[in-house]
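So the chains spell out like this:
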2 protein chains.
Amino acid sequence: MTECRVKECRVKDRKTAILEAAARVIAHHGVRGLRVEELAAEAGVSKALVYYHFGDRAGLLRHTLRFIGDRAERYTGGGPPGPPGTPGPPRAPKDAALELERRLLLELRDTPEVRENSTAWGELRASAVFEPELREELARAGRQWVREIADLLGRIDPSPPDAALVGAAERLTVLLEGLSTRWLIGVLPVGHASELMRGAIAAEVEALRLREPRQACAVA
Amino acid sequence: MTECRVKECRVKDRKTAILEAAARVIAHHGVRGLRVEELAAEAGVSKALVYYHFGDRAGLLRHTLRFIGDRAERYTGGGPPGPPGTPGPPRAPKDAALELERRLLLELRDTPEVRENSTAWGELRASAVFEPELREELARAGRQWVREIADLLGRIDPSPPDAALVGAAERLTVLLEGLSTRWLIGVLPVGHASELMRGAIAAEVEALRLREPRQACAVA
């Protein structure tokens, strides 16, 4: 076990408090509603401490993006399951299918935590049109997420080439983000969003299976 | 032919000039960067005229959203094709499949017009989290677009129930919006976005076909 020295813990607590406050402020007032002065007040720290830890506004936004991504991974139980074929849960194709659905649908739950996290994530993503310094972190997080979903798809059916698994994973993650946005802006009920997501998973899994040559039917 | 009286034409021109300027400003500076004073200057009209035509800021945003939607419909050659089975192009399933792909992929072209229009649309959609008065217009435009795509899917294959066609159309339109966002924030090349969209169309069309009972294969 690593020992957490008192000073280190306090620094970590304060950094976390600032990031938690940033996610909260962004979810309620948007990225452009984020003033470092108000954020410092919300986190109960000095403005100087925010700059000390994150350098500038761009650094703060990048770290907030990563913090939100890590939080989402925690509540969806994510993290790399390892490449297809290596030992590690879930092993059976049926378990992998359940895990895939679970992982994706956990982002569509109407809880304060998911709502705040997804709203802040969507807002940061949308802001990247005007704040190019966010792009690298968004691209990195996107690639990692796609890899995790592609690995789960590969456990359901290891026969398709990796590019096909990655393509399906890209579509599923982009669709999930889109459904989440429509839910959060209030034009799509969360239950219907989940239903559409289930349909997309079924269609993609089926399309991957159809890549295999099928047994010809005898004409009667 | 309707006669366009000089005064009517001038009013229409000025309204259009304001809406064109609004789309331009939103695409470059975001919804929250839109100040009515600067917009009026950009459109070459008075601030009072903006308020006269659109009432308030919320009214202006709603009209801009509809203007952008109409413009997208123009460059994708959209508009309701009528319910499945009624006369009107495209009639043959193969033509409908081509038309579906064409209609969706025209939103993923790197031209100044599509880029500006899609950026402004994405920004207005993202802003709806903080500007609830945009939701009704977003929901209306979304429903209309889904109906058009569902009708095209029904021309490719009229056998699935309407709910299945609508579900597939919802997924395709949400995915397209998500791919468009990723392209516009610079994390997905437009060619790859088109490739992913083609894959989704193929998967959805195939999944709709799989709903039909299939001829059983004779086991050799």
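Residues numbered from 1 in each chain as written. Chains lettered and ligands numbered in written order. Predicted model: local features only at pLDDT ≥ 70, side-chain atom pairs only at ≥ 80, totals over all residues. Heavy atoms only, no water.

Turning our eyes to something else, we now look at the overall build of chain A. Across its full length, chain A holds 9 helices and 0 strands. The secondary structure elements of chain A, listed N-terminal to C-terminal, are α-α-α-α-α-α-α-α-α. Within chain A, the proportion of its 220 residues that are buried is 50%. Accessible surface computed for chain A: about 10,900 Å², of which carbon and sulfur atoms make up 55%. (Helix = DSSP H or I, 4+ residues; strand = E, 2+ residues; numbered from the N terminus. Buried < 20%, exposed > 50% of the residue type's maximum accessible area, 1.4 Å probe, protein only. Areas by Shrake-Rupley, 256 points an atom, 1.4 Å probe, with all protein chains shown as cover.)

We now examine the relation of the copies chain A and chain B. In the superposition of chain A on chain B (RMSD 0.0 Å, axial shift 0.0 Å), the rotation amounts to 180 degrees. Such a turn and shift between the copies fits a two-fold axis. A shared interface surface links the copies, since 100% of the contact residues of chain A are contact residues in chain B too. (Least-squares fit on C-alpha atoms with pLDDT ≥ 70 in both. Contact = heavy atoms within 4.5 Å.)

Turning next to the nonpolar core. One finds Leu104(A), Leu153(A), Met197(A), Leu104(B), Leu153(B) and Met197(B) to be the most contacted residues of the largest nonpolar core, which totals 68 residues. Other than its neighbours up to four places away in sequence, Leu104(A) contacts Trp145(A), Ile149(A), Leu172(A), Leu176(A), Met197(A) and Ile201(A). (Core = buried A, V, L, I, M, F, W, Y, C linked by side-chain atoms within 4.5 Å.)

Residue and element names in this part refer to chain B. For helix α8 (residues 162-184), which comprises 23 residues, the first-to-last C-alpha distance of 33 Å matches the rise-based estimate of 33 Å (1.5 Å per residue) to within 8%. For α8, a buried count of 20 out of 23 residues is recorded, marking the element as mostly surrounded by other parts of the structure. Trailing α8 by a residue or two, Gly186 shows a phi angle of about 85 degrees, which is positive. (Expected span 1.5 Å × (residues − 1).)

Residues and elements named next belong to chain B. With respect to the helices and strands, Arg24 occurs in helix α1 (residues 6-29). Residue class for Arg24 comes out partly exposed when judged on its relative accessible area of 29%. Ignoring sequence-local partners within four residues, the contact set of Arg24 consists of Glu42 and Glu116.

This part is about the interface of chain A and chain B. The interface of chain A with chain B comprises 45 residues on the first partner and 45 residues on the second. In total, about 3,600 Å² of surface goes out of reach between chain A and chain B, with carbon and sulfur atoms giving 66% of it. When the area that chain A buries against chain B is broken down by residue, the three leading residues are Arg171(A), Arg182(A) and Ile185(A), summing to 19%. Joining chain A to chain B, the criterion identifies 4 salt bridges. Arg32(A) serves as the salt-bridge partner of Glu123(B), at 3.4 Å between the closest nitrogen and oxygen. Summed over the shared surface of chain A and chain B, the result is 10 residue pairs in polar contact (both at pLDDT 80 or more). Those elements giving two or more residues to the side of chain A that touches chain B turn out to be α1 (6-29), α6 (112-127), α7 (135-156), α8 (162-184) and α9 (190-209) of chain A. (Buried area = accessible area lost by both parts, 1.4 Å probe. Salt bridge = Lys/Arg side-chain N within 4 Å of Asp/Glu carboxyl O. Polar contact = N/O pair within 3.5 Å; in protein donor to acceptor, adjacent residues only side chain to side chain.)

The next subject is the packing of helix α4 (residues 57-75) of chain B against helix α7 (residues 135-156) of chain B. All names here are of chain B. Direction vectors running N to C along α4 and α7 enclose 15 degrees, while the axes themselves pass 10 Å from each other. The pairing of α4 with α7 is recorded here as roughly parallel in orientation. Note on packing geometry: the crossing formed by α4 with α7 is right-handed. Two secondary-structure elements touch here, α4 through Arg62, Leu65, Arg66 and Glu73 and α7 through Glu137, Leu138, Arg140, Gln144 and Glu148. Its residues placed into classes, the contact of α4 with α7 shows 2 nonpolar, 1 polar and 6 charged. (Axes fitted to C-alpha atoms, helices over the stretch in contact; angles between N-to-C directions. Parallel < 35°, antiparallel > 145°, perpendicular 65-115°, else oblique. Left-handed = near helix turned anticlockwise from the far one by under 90°. Nonpolar A, V, L, I, M, F, W, Y, C, P; charged D, E, K, R; others polar.)

Attention now moves to helix α3 (residues 47-54) of chain A. Residue pairs spaced three or four apart in an α-helix point in one direction, given the helix's 3.6 residues per turn. Residues and elements named next belong to chain A. Among the residues making up α3, those that are buried are Leu49, Val50, His53 and Phe54. Projected down its long axis, α3 carries its buried residues within an arc of 110 degrees, all on one side. Turned more than 90 degrees away from the buried face of α3, the exposed residues are Ala48 and Tyr52. Gly55 occupies a position one or two residues after α3 and carries a positive phi of about 80 degrees. (Arc of directions from axis to C-beta.)

All names here are of chain A. Locating Thr64 in the fold gives a position in helix α4 (residues 57-75). Given the relative accessible area of 0%, Thr64 is considered buried. Looking at Thr64, its side chain comes within polar contact range of the main-chain oxygen of Leu60, at 2.6 Å. If near-sequence neighbours (up to four positions away) are discounted, Thr64 is found in contact with Leu19, Ala22, Ala23, Ile26 and Leu124.

We now examine the packing of α9(A) against α8(B). At a minimum axis separation of 10 Å, α9(A) and α8(B) run at an interaxial angle of 90 degrees. Relative to α8(B), α9(A) is oriented roughly perpendicular. In contact with His192(A), Leu196(A), Gly199(A) and Ala200(A) of α9(A), α8(B) contributes Gly167(B), Glu170(B) and Arg171(B). Its residues placed into classes, the contact of α9(A) with α8(B) shows 2 nonpolar, 3 polar and 2 charged.

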